Amino acid sequence: MATAAIKQAPFSWEGTDRAGKKVKGKIVAASEAAVRTELRRQGVVATRVRKQSNLFKSRGRVTPADISIFSRQLATMMAAGIPLVQSFDIVGAGHENPAMQKLILAIKGDVEGGTSLANALSKHPLHFDDLFVNLVEAGEQAGALETLLDKIATYKEKTEAIKKKVKKALFYPAAVVVVAFIVTAILLIYVIPEFENLFQGFGADLPAFTRFVIDISNFVRDSGWLIVIVGVIGFVGFMHMKKRSRALRHFLDRVILKVPIIGPILNKSAIARYARTLSTTFAAGVPLVEALDSVAGATGNIVYETAVLRMRDEVATGQRLQRAMENTELFPNMVNQMVAVGESGSLDAMTAKVADFYEEEVDNAVDSMSSLLEPLIMAILGVLVGGLVIAMYLPIFKMGQVV
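Residues numbered from 1 in each chain as written. Predicted model: local features only at pLDDT ≥ 70, side-chain atom pairs only at ≥ 80, totals over all residues. Heavy atoms only, no water.

Focus: the overall build of the protein
If you tally the helices and strands in the protein, you get 15 helices and 3 strands. For the protein, the C-alpha radius of gyration of 30 Å lies well beyond 22 Å, the compact-globule estimate for 403 residues. C-alpha extents for the protein along the principal axes are approximately 100 × 60 × 40 Å. Classification of the 403 residues of the protein by burial places 40% in the buried group. For the protein, the proportion of contacts with a sequence separation of at least 24, taken over those separated by at least 6, is 59%. Accessible surface, the protein: about 22,500 Å² in total, of which carbon and sulfur atoms supply 60%. (Helix = DSSP H or I, 4+ residues; strand = E, 2+ residues; numbered from the N terminus. Rg over C-alpha atoms; globule rule 2.2 N^0.38 Å. Buried < 20%, exposed > 50% of the residue type's maximum accessible area, 1.4 Å probe, protein only. Contact = heavy atoms within 4.5 Å. Areas by Shrake-Rupley, 256 points an atom, 1.4 Å probe, with all protein chains shown as cover.)

Comments concerning the packing of helix H3 (residues 84–93) against helix H4 (residues 98–112)
Put simply, H3 and H4 touch, their axes get as near as 9 Å, and they point 165° apart. With respect to their mutual orientation, H3 and H4 come out roughly antiparallel. In this structure, the crossing between H3 and H4 has a hand that is left-handed. Between H3 and H4, the residues in contact are Leu84, Val85, Phe88, Asp89, Val91, Gly92 and Ala93 and Gln101, Ile104, Ile107, Lys108, Val111 and Glu112, respectively. Residues of the contact of H3 with H4, tallied by class, amount to 8 nonpolar, 2 polar and 3 charged. (Axes fitted to C-alpha atoms, helices over the stretch in contact; angles between N-to-C directions. Parallel < 35°, antiparallel > 145°, perpendicular 65-115°, else oblique. Left-handed = near helix turned anticlockwise from the far one by under 90°. Nonpolar A, V, L, I, M, F, W, Y, C, P; charged D, E, K, R; others polar.)

Here's the deal with the side chain of Thr184
Considering the arrangement of structural elements, one finds Thr184 in helix H7 (residues 145–199). By relative accessible area, Thr184 is classed as buried at 19%. When neighbours within four sequence positions are excluded, Thr184 is seen to be in contact with Leu384 and Leu388.

Things to note about the side chain of Ser269
Looking at the element boundaries, Ser269 is found in helix H10 (residues 262–283). If sequence neighbours within four positions are ignored, Ser269 has contacts with Ile162, Val166 and Val362.

Let's talk about the layout of surface pockets
Computed from the structure, the largest pocket encloses a volume of approximately 900 Å³. If you trace the largest pocket, you find 22 residues lining it, with Val166, Lys167, Leu170, Arg273 and Gly300 closest to the centre. Within the residue set of the lining of the largest pocket, elements represented by two or more residues are helix H2 (64–79), H7, helix H8 (208–244), helix H9 (246–256) and H10. The element best represented in the lining of the largest pocket is H7, accounting for 7 residues. Residue composition of the lining of the largest pocket, by class: 10 nonpolar, 5 polar and 7 charged. (1 Å grid on protein atoms, 1.4 Å probe; cavity = no way out; pocket = protein on both sides within 12 Å on 5 of 7 lines; lining within 4 Å. Points joined across faces, edges and corners; volume = space filled by probe spheres on them.)

Describing a nonpolar patch on the surface
Taken together, the side chains of Val178, Phe181, Ile182, Ile186, Ile189, Tyr190 and Val191 make up a nonpolar region of the molecular surface, amounting to roughly 670 Å² of accessible area. Relative to the helices and strands, Phe181 resides in helix H7. (Patch = residues over 30% accessible without salt bridge, like charges linked within 9 Å, V, L, I, M, F, W, Y side chains within 5 Å. Salt bridge = Lys/Arg side-chain N within 4 Å of Asp/Glu carboxyl O.)

Some points on the nonpolar core
Among the nonpolar cores identified, the biggest contains 76 residues, and Phe88, Ile107, Leu117, Phe128, Val136, Tyr274 and Leu321 are the most heavily contacted of them. Among the elements that take part in this core, helix H15 (residues 347–402) stands out by supplying 10 residues, more than any other. Residues within four places of Leu321 in sequence aside, it is in contact with Tyr274, Leu278, Leu288, Leu292, Met311, Val315, Val339, Glu343 and Leu347. In terms of nonpolar packing, the next biggest core, distinct from the first, is built from 11 residues, Phe195, Phe199, Ile214 and Ala391 among them. (Core = buried A, V, L, I, M, F, W, Y, C linked by side-chain atoms within 4.5 Å.)

Description of H3
Listed as buried for H3 are Leu84, Ser87, Phe88, Val91 and Gly92. Looking straight down H3, one finds that the buried residues subtend no more than 120° of arc, so they occupy a single side. The inward-facing, buried residues of H3 contact H2, H4 and helix H5 (117–122). (Arc of directions from axis to C-beta.)

What about the packing of aromatic side chains?
Taken as a whole and assessed by the stated rule, the structure comprises 7 aromatic pairs. When the centroid spacing of 5.9 Å and the interplanar angle of 80° are considered together, the rings of Tyr304 and Phe331 count as edge-to-face. One end of the pair, Tyr304, is in helix H12 (residues 302–316); the other, Phe331, is in the loop between helix H13 (321–328) and helix H14 (333–342), with 27 residues separating them in the sequence. A single burial state applies to Tyr304 and to Phe331, both of which are buried. Here the aromatic rings of Phe357 and Tyr358 are separated by 5.1 Å at their centres, their planes lie at 85°, and the arrangement is edge-to-face. (Phe/Tyr/Trp six-rings, centres within 6.5 Å; stacked < 30°, edge-to-face > 60°.)

Re the packing of H10 against helix H11 (residues 288–298)
Two quantities define a packed helix pair, namely the angle between the helix axes and the distance between the axes. Orientation of H10 relative to H11, taken along the N-to-C sense of each, is 145°, at an axis distance of 9 Å. Considering how the two elements wind past one another, H10 and H11 form a crossing that is right-handed. Contact residues: Arg273, Tyr274, Thr277, Leu278, Thr281 and Phe282 in H10; Leu288, Ala291, Leu292, Ser294, Val295 and Ala298 in H11. When grouped by side-chain class, the residues that make up the contact of H10 with H11 number 8 nonpolar, 3 polar and 1 charged.

Looking at the pattern of salt bridges
Inspection of the entire model under this criterion finds 13 salt bridges. In this structure, Asp215 engages Arg211 in a salt bridge whose closest nitrogen and oxygen atoms are separated by 3.5 Å. Taken as a pair, Asp215 and Arg211 lie in helix H8 at a separation of 4 residues, close to a single helical turn. Close ionic contact of Arg276 with Glu359 constitutes a salt bridge, the shortest N to O distance being 3.0 Å. Linking Arg276 in helix H10 with Glu359 in helix H15, this pair joins segments that are 83 residues apart in sequence.

The structure is reproduced here in structure tokens:
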């Protein structure tokens, strides 16, 4: 007869060990009695046990960077010969993010209950994707969990690093737009009206450019709230449609890949993530067709995701991977040729070299773009602010000429 699952909760405890030394920590258990029983089994006499009912109701959240750090810490602990459950205790107790602490203790509780690490991780799909879980499962089945955890940690660190580089590349254009919008709005709302009041006493017609800027200022002051509301509704509606429509996401991803400067960076980023994921999964012993399933979702771009899924279908029917890649017309010839060489017996090593090359390419491209955009930002702000200033001073210059 099946028994109902017992709800577990996190507890903090303090006590003394066999040597009389004061110790403390955290543990996930069904009740305070279960905590004391477990501590006695470990040779600890508990002096205080407290349920952490509100500990994890915090503003924090688990980020991909937290998962990357957790992967490296766990790999390091396992490589040092520390048992898995004790590794969770050490990593969880030292983490400053309460949400991450809760996640680690929940996984530890499942593992202590006899669940495999892969199954314990699969209960948290928001933080551990299929690729992560499949690699851990492969490591457990092969008896090489320490090795696979190290590969996973390296993979997560590489992918997070390239994500940060891409975000850095996209941040500068967004910063230009935001700063230009704020500066222009301040000038139109607060500065231009003061000049308009001054010009009313001139008794002469204003230049067309000045009149145009004043009309824009009046419109922004009168209907600014409407512009903001429409903009917010439009943005929310667009994001909602993007989330629900795969066709829209495919169109946007295809368009952004063709945008000058940014497009090449995103292309190189997708290729780097494709190669890094393929290298990691293949080195872990995952069959190529199954590996391509995980690779598709890791590329970060729906155009490449669709292409990789099409490649998977071709490989499943006996097509060589290199030929399937060529058919997509997305991968450079150098990548195709290196994969062709790797298919003779060193695919993981060759794709790792491809990933290293394109990760460095992304890094260099982001640095170059940053250097290019710094003067571009100054130029855009100069044109906007300078244009508004000139528009306001044109009547004054005109008066000076008349005098």
